[in-house]
Amino acid sequence: MADIGVVCPKCGTLVPPETVLCPECHTILDEPELAPVTSPDVTPSLPPEELPPAGAEATPRRTPPPRPARAPTTGKPSPFASELGRRLARLNQWSDGVRALGVELPRLPGWAQEIARESSNPEPWAEVVRGIERIAQKRVVAAFEEWEKRTKVRLTRLEAYSVDSRLERDQIEDALLSARSGDIAQALSAFQQVDRVVSLKERHLDQAREELERVVALLKDMSALGIDPPQDATEVADDLESELRAGKLAPLKQQIRAIRLQAVTRLKAGLPQYISEYGDYLLSERTHGIATELEGIELARGAREFFRGRPEDGVRRLRALQQRHGMLPNRPARAAARPTALRD
């Protein structure tokens, strides 16, 4: 045990051995009743207030409480923080706008944005944002170049049907110039305008094409069933295709409606008799032991489609039934092309 000193009886300060006067309260310490304090050779030096009482077990030293969080500074925001927010918002706007082009743009992670806003040296972060903007612009320009190729193919198809697209071609060039000069917002605005107009023109053209093909198919199906169509299907197809190629969509639709009305009128007069005759034909086959239940169901479905106002679908079902099961005896299909006198 090593002699580490004595304790002042007045203030309790631990002082080195052979000290005569307490350095804290100046009490004389050389009285005989004072006994030296002994401890093991290796003992940490503790202040008097933290020494354990005599005979008590040693307790672990308490951990100091955590320091309170530093209050946020209440000063002016740095100019870079507002500039960073503006540029990041612009990048987000670009990313949202080019999704229709199938492009993903790089972004600054959220944690990096927080650090950049609070950084005391914002210049490195400004350079990072500039780098992201350069990469994003390159990707946007590449996407616009691919879009230009695709859209010009679409315009070429429209122009084959005499649809004017000079304005859209000019707008495509303007969009590319804006993207290459860094005005991505203007480029995206031009892209949306061109894509909307081209899609609208394509929809009108596709609808006219579909109506043309449906009325021609109706005339052909009537001929196959032996019902005389109002006009020859081949001639009608040539005439309507010529109108479509000339870009006369409004007159074309009027002509299609007139032909369809004539065809439906003739079907209303001749189709019930055809359905009745075909039903008798199936019954005759059934009496000879031929199973015709499926054919009877299909005949009923075709008749139902026609009388519910879907003549094209009904006649198509009846023709398909005829092709699978066979034509009515003594009821040959009409010739595809009739004599001119009959057509007139």
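Residues numbered from 1 in each chain as written. Predicted model: local features only at pLDDT ≥ 70, side-chain atom pairs only at ≥ 80, totals over all residues. Heavy atoms only, no water.

In globular proteins that are soluble, nonpolar side chains generally tend to be buried together. Ranked by internal contacts, the top residues of the largest apolar core, which has 67 residues, are Leu 101, Phe 144, Trp 147, Leu 271, Tyr 274 and Tyr 278. A total of 15 residues in this core trace back to one element, the largest contributor, which is helix H5 (residues 184–224). The residues touching Leu 271, leaving out its near neighbours within four places in the chain, are Leu 225, Ile 227, Phe 306 and Leu 318. (Core = buried A, V, L, I, M, F, W, Y, C linked by side-chain atoms within 4.5 Å. Buried < 20%, exposed > 50% of the residue type's maximum accessible area, 1.4 Å probe, protein only. Helix = DSSP H or I, 4+ residues; strand = E, 2+ residues; numbered from the N terminus. Contact = heavy atoms within 4.5 Å.)

Along helix H2 (residues 110–118), the positions that sit buried rather than exposed are Ala 112, Gln 113 and Ala 116. Seen along its axis, H2 keeps its buried residues to an arc of 105°; they face one direction. In this structure, H2 carries Trp 111 and Glu 118 as exposed residues pointing more than 90 degrees from its buried face. (Arc of directions from axis to C-beta.)

With their axes 11 Å apart at the nearest point, helix H3 (residues 123–160) and H5 run at an angle of 25° to one another. On the basis of their axis angle, the class for H3 and H5 is roughly parallel. Helix-helix and strand crossings are classified by hand; for H3 and H5 the assignment is left-handed. Between H3 and H5, the contacting residues are Gln 137, Val 140, Phe 144, Trp 147, Thr 151, Arg 154, Leu 155, Arg 157 and Leu 158 on the first element and Ile 184, Ala 187, Leu 188, Phe 191, Val 194, Asp 195, Val 198, Ser 199, Lys 201, Glu 202, Leu 205 and Asp 206 on the second. (Axes fitted to C-alpha atoms, helices over the stretch in contact; angles between N-to-C directions. Parallel < 35°, antiparallel > 145°, perpendicular 65-115°, else oblique. Left-handed = near helix turned anticlockwise from the far one by under 90°.)

Glancing now at the confidence of the model for the chain. In the predicted model, the chain carries a mean pLDDT of 80, and the fraction of residues at 70 or more is 77%. Counting contacts from residues 67–75, a segment whose pLDDT is below 50, to residues more than four positions away or on other chains yields zero contacts. (pLDDT = per-residue confidence, 0-100.)

Let us look at the packing of aromatic side chains. One pass over the structure, following the stated rule, counts six aromatic pairs. Between Trp 147 and Phe 191 the ring centres are 5.3 Å apart and the planes differ by 80°, which places this aromatic pair in the edge-to-face class. Here Phe 191 lies in helix H5 and Trp 147 lies in helix H3, a separation of 44 residues in the sequence. When sorted by exposure, Trp 147 lands in the same class as Phe 191, which is buried. (Phe/Tyr/Trp six-rings, centres within 6.5 Å; stacked < 30°, edge-to-face > 60°.)

Two numbers describe how H5 lies on helix H9 (residues 311–325): the axes approach to 9 Å, and their chain directions differ by 40°. Here H9 runs oblique to H5, going by the angle between their axes. When the axes of H5 and H9 are compared, the crossing they make is left-handed. Taking contact as the criterion, the partners of Arg 214, Ala 217, Leu 218, Lys 220, Asp 221, Met 222 and Ala 224 in H5 are, on H9, Pro 311, Glu 312, Asp 313, Val 315, Arg 316, Arg 319 and Gln 322. Looking at the contact of H5 with H9 residue by residue, the classes come out as six nonpolar, one polar and seven charged. (Nonpolar A, V, L, I, M, F, W, Y, C, P; charged D, E, K, R; others polar.)

Moving on to the pattern of salt bridges. Counted under the stated rule, the structure contains 26 salt bridges. For the salt bridge of Glu 146 with Lys 149, the shortest nitrogen-to-oxygen distance reads 3.7 Å. One end of the pair is Glu 146 and the other is Lys 149, both in helix H3 and three residues apart, which spans about a single turn. The residue Arg 316 makes a salt bridge to Asp 221 at a minimum N-O spacing of 3.0 Å. Residue Arg 316 is found in helix H9, and its partner Asp 221 is found in helix H5; the two are separated by 95 residues along the sequence. Taking the relative accessible area as the measure of exposure, Arg 316 reaches 42% and is therefore partly exposed. The buried category is assigned to Asp 221, whose relative accessible area is 2%. Taken together, the shared-partner salt bridges connect Arg 87, Arg 90 and Glu 133 into one network. (Salt bridge = Lys/Arg side-chain N within 4 Å of Asp/Glu carboxyl O.)

All right, on to the side chain of Gln 322 then. Position of Gln 322 among the secondary structure elements: in helix H9. Take Gln 322: its relative accessible area is 8%, and that puts it in the buried class. A distance of 3.3 Å separates the side chain of Gln 322 from the backbone oxygen of Ala 224, its partner in a polar contact. Of the polar contacts made by the side chain of Gln 322, one reaches the side chain of Tyr 274; its length is 3.4 Å. Those residues in contact with Gln 322, other than ones at most four positions away along the chain, are Ala 224, Leu 225, Tyr 274, Tyr 278 and Met 327. (Polar contact = N/O pair within 3.5 Å; in protein donor to acceptor, adjacent residues only side chain to side chain.)

The topology assignment puts Glu 211 in helix H5. Residue class for Glu 211 comes out partly exposed when judged on its relative accessible area of 32%. Along the chain, Glu 211 and Lys 253 lie 42 residues apart, while their C-alpha atoms are 7.9 Å from each other.

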